[in-house]
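These are the residues of each chain, in order.
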2 protein chains.
Amino acid sequence: MTEFRPVSQAVEDYLKAIYRLEQREGKVTTTALALALHVAAPSVTAMVKRLHAMRLVRYIRYRGVVLTAAGRRMALEVIRHHRLLELYLVEALGLPWDQVHAEADRLEHVISEELEERIAERLGHPVADPHGDPIPTKAGQVKEPPGFPLSELNPGTAAVIQRVADQDPAKLRYLATLGLFPQVRVTLLEKAPFGGPMSLAVGETRCTLGGELARQILVVPVEAA
Amino acid sequence: MTEFRPVSQAVEDYLKAIYRLEQREGKVTTTALALALHVAAPSVTAMVKRLHAMRLVRYIRYRGVVLTAAGRRMALEVIRHHRLLELYLVEALGLPWDQVHAEADRLEHVISEELEERIAERLGHPVADPHGDPIPTKAGQVKEPPGFPLSELNPGTAAVIQRVADQDPAKLRYLATLGLFPQVRVTLLEKAPFGGPMSLAVGETRCTLGGELARQILVVPVEAA
DNA sequence: TTGTTTATTTAGACTAGCCTAAATATCGTT
DNA sequence: AACGATATTTAGGCTAGTCTAAATAAACAA
Ligand SMILES: [Mn+2]
Ligand SMILES: [Mn+2]
Ligand SMILES: [Mn+2]
Ligand SMILES: [Mn+2]
C-alpha cells in the first residue's frame, strides 16, 4: 500500500529545510530556502517543482511551498536520524558536541532503518539530542519542548536550559567552556538593556553572556534554590 | 603540499573495485569493472577516463587500468573505513554479520577522519573485520592474511578459518548457523572428489558443506588437538 | 494609483553519471 | 594470415542538480 520510493540526499535536505522554516517562520519562501541551503534561488524553484511532482510539497508559483503529509513524514524521518546520530556520537563515541552536527548531516541520509533502531535501543529511546532538540518518534510525533530565550528572563530568576538553538561549532565550543548545556540550571543576575550582555550564575561560577548568544538559549524558569 | 580534493561516492566505489580486481585478477578490464559495479561497459570507459584525468589510475585504451599511488591510497582509505565500520557495527551495535556489509558500503563514504579514529580507538585498533579481511592502517599498509581455500585441505587435517571471502547475506547467514566464522577451528573429515561436498567437524558437531562454499573459506592448517 | 524595489521564475548552460546502439579493435582459431 | 567472436570504445541521449543573466510578478511607498 504505502508505496516506497527511495529519495535522493538533496531531496531529503530540502524537506528538512522546509520543515524547519515552517516551524520557525510559518511560511517558506524560495529565497529563505536558497539562503538555508546555500544554493541559488533558481535552483530552489527547479527543485520545489520536482518536490511538488513527487507530492512531497504543495507549491504555487510566487506563493511558496508547504509540506504535504508525506513530505512531513519524510522530513521527520530524516530529523529523527539526525538527532539520534548526534546523541549517539556524543554518548557512545565521545565526539565533541560542536562536531556532531556536521557528522550527522551526512550520516542521516545513509543509515538503514535497522541501524536506526539499534542506535535508538542502545540509547534507551531518548527524547532529545545533545542540543535539547526533540527526537521525533518512529511514528512521526514530535513534541517541541517549552521554553523561551534566556535573553527574556527576568533578573533574579533561576531557570533550566532546555535547548541551545545555535549549531555553529565555535559558539557551541564557547558555551561548553561556560558550562552552558541543556539541563543546566542558571540564575540571571543582571541584564543590560537593549539586548546587551547579561551576567549569570552557573553552578559555583558566574559569567557574562552577549545578547546574541542569549537569544539562542531557551530556558524554563524554576523555583529559586 | 598534499593537495586534498574531495571525491564523489562513485569515484570511491570505482577505486575500491579496481583495487579488488588488481588483487584478485592481476589485471583490470572494462568488462570486469562493469560486472563488479553493475553498470554498463560504456559507463566504465567514461569513468576511467575521468579517473585518469584525476591521476588516480593510468588508463590505456583497450589495455585496461592500473591504480596510481594516489588512487591506491584512496582505495585503501575507503576500504579501511568499510572494514572498521563492519566490525564496529557487529561489536558495538550487535548487527548481524550478514548485514554489515551493505550498511558499511554506504557509511564508508561519509564518515569523517575524526569519526574513523574514534571508532578505531573504541575497537582497540583492530587488524581484521568480521569476515577476516585485513584492515589497512591509516598509513595505507595492508597485510593480506595467509590461507588457502578449505576446499583444498587434505582430509584428516585440522585448520583454523582465516577469512570468509563471500559477502552474500544468505550464504553468510547459513555459515553462521554452522558456526563457521574466522578464528574457528575445523577438521576436515571426508571430501567427495571434483569439488563435491565435504564433511567437517566444528567443535562438537559435524556438518556437510558444498564445494562452492568451501572455496570461499580460507584456512590455515594447525596441529591436531 | 503609479512607480520602484525586491522576490521569483524563465531561459539557457554545465557537470557527473548513467544508458543503448553502433562502430571498431583485439584475441583466439583455424 | 585471415576470420569470427568478444571486448571495448564512440556516438548520442537522458536525469538530477546546480549556475548566471534576463524577464516578470509582487510588494511597498509616494
Ligand atoms: Mn529511519
Ligand atoms: Mn542537534
Ligand atoms: Mn579515513
Ligand atoms: Mn568485510
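Calculation rules
- Residues numbered from 1 in each chain as written.
- Chains lettered and ligands numbered in written order.
- Predicted model: local features only at pLDDT ≥ 70, side-chain atom pairs only at ≥ 80, totals over all residues.
- Heavy atoms only, no water.
- Near = heavy atom within 4 Å.
- Polar contact = N/O pair within 3.5 Å; in protein donor to acceptor, adjacent residues only side chain to side chain.
- Helix = DSSP H or I, 4+ residues; strand = E, 2+ residues; numbered from the N terminus.
- Nonpolar A, V, L, I, M, F, W, Y, C, P; charged D, E, K, R; others polar.
- Pairing = 2+ DSSP bridges.
- Contact = heavy atoms within 4.5 Å.
- Axes fitted to C-alpha atoms, helices over the stretch in contact; angles between N-to-C directions.
- Donors = N, O, S within 2.8 Å, 3.2 Å for Na, K, Ca; no water.
- Buried < 20%, exposed > 50% of the residue type's maximum accessible area, 1.4 Å probe, protein only.
- Least-squares fit on C-alpha atoms with pLDDT ≥ 70 in both.
- Buried area = accessible area lost by both parts, 1.4 Å probe.

Some thoughts on the protein's contact with DNA strand D
Okay, so step 1: Ser8 and Ser43 of chain A together with Thr31, Lys49 and Tyr59 of chain B are the nearest of the 23 residues found near DNA strand D.
Okay, so step 2: One nitrogen or oxygen atom from the side chain of Tyr59 of chain B is found 2.3 Å from a phosphate oxygen belonging to DNA strand D.
Okay, so step 3: With 5 residues, helix H3 (residues 41-53) of chain A is the single largest residue contributor to the surface near DNA strand D.
Okay, so step 4: Tallied by class, the residues present in the surface near DNA strand D amount to 12 nonpolar, 7 polar and 4 charged.

Re the sheet that holds strand S4 (residues 158-164) of chain B
Strand pairing in a sheet relies on backbone hydrogen bonds, with the paired strands running either antiparallel or parallel.
All names here are of chain B.
Okay, so step 1: Strand order across the open sheet formed by 6 strands is S3-S8-S4-S5-S6-S7, with antiparallel pairing between neighbours. Either end of the sheet is taken by a strand with one partner, and the two such strands are strand S3 (148-149) and strand S7 (205-209).
Okay, so step 2: Bridge count between S4 and strand S8 (residues 217-222): 6 bridges; the pairing is antiparallel. Paired with Ile161 across the two strands is Val219, which belongs to S8.
Okay, so step 3: Each of S4, strand S6 (198-202), S7 and S8 is contacted by helix H7 (residues 169-178), which is oriented at about 150° to S7, the strand it contacts most.

Focus: the coordination of the manganese ion (ligand 3)
Residue and element names in this part refer to chain B.
Okay, so step 1: Distances from the manganese ion (ligand 3) to its protein donors, Glu77 (OE), His81 (NE2), Glu113 (OE), Glu113 (OE) and Glu116 (OE), fall within 1.7 to 2.5 Å.
Okay, so step 2: Sequence spacing among the residues donating to the manganese ion (ligand 3) works out to E-x3-H-x31-E-x2-E. Here Glu116 and Glu113 lie together in helix H6 (residues 113-122), a separation of 3 residues that amounts to about one turn.
Okay, so step 3: Judged by relative accessible area, Glu113 falls into the partly exposed class, the value being 37%.

Some words on the relation of the copies chain A and chain B
Each of the two chain copies can be brought onto the other by rotation about an axis and movement along it.
Okay, so step 1: The two copies are related by a screw motion: chain A maps onto chain B through a turn of 180° and a shift of 0.0 Å along the axis, at an RMSD of 0.0 Å. Here the copies are linked by what is in effect a two-fold axis. Closest approach to the rotation axis within chain A is made by the C-alpha atom of Leu107 of chain A, at a distance of 3.4 Å.
Okay, so step 2: Counting the interface residues of chain A, we find that 100% of their copies in chain B are interface residues as well, pointing to one common contact surface.

Some thoughts on the side chain of Arg163 of chain A
Residues and elements named next belong to chain A.
Okay, so step 1: Looking at the secondary structure, you find Arg163 in strand S4 (residues 158-164).
Okay, so step 2: By relative accessible area, which is 12% here, Arg163 ends up buried.
Okay, so step 3: Within the structure, the side chain of Arg163 is placed 2.7 Å from the side chain of Asp133, a separation counted as a polar contact.
Okay, so step 4: A distance of 2.7 Å separates a polar atom in the side chain of Arg163 from a polar atom in the side chain of Glu144.
Okay, so step 5: Not counting the four nearest positions on each side in its chain, Arg163 is found in contact with Arg83, His131, Gly132, Asp133, Pro134, Glu144, Pro145, Gln216, Ile217 and Leu218.

Brief notes about the interface of chain A and chain B
Okay, so step 1: On the chain B side, the residues contacting the 19 residues of chain A number 19 residues.
Okay, so step 2: Around 1,700 Å² of area is buried between chain A and chain B when both sides are counted, 56% of it from carbon and sulfur atoms.
Okay, so step 3: Area buried by chain A at its contact with chain B is led by Leu93, Val110 and Arg118 of chain A, which between them contribute 33% of it.
Okay, so step 4: Where chain A packs against chain B, one counts 9 residue pairs in polar contact (both at pLDDT 80 or more).
Okay, so step 5: For the side of chain A that touches chain B, the secondary-structure elements that each account for two or more residues are helix H4 (69-91), helix H5 (100-107) and helix H6 (113-122) of chain A.
Okay, so step 6: Among the residues forming the side of chain A that touches chain B, the class breakdown is 11 nonpolar, 3 polar and 5 charged.

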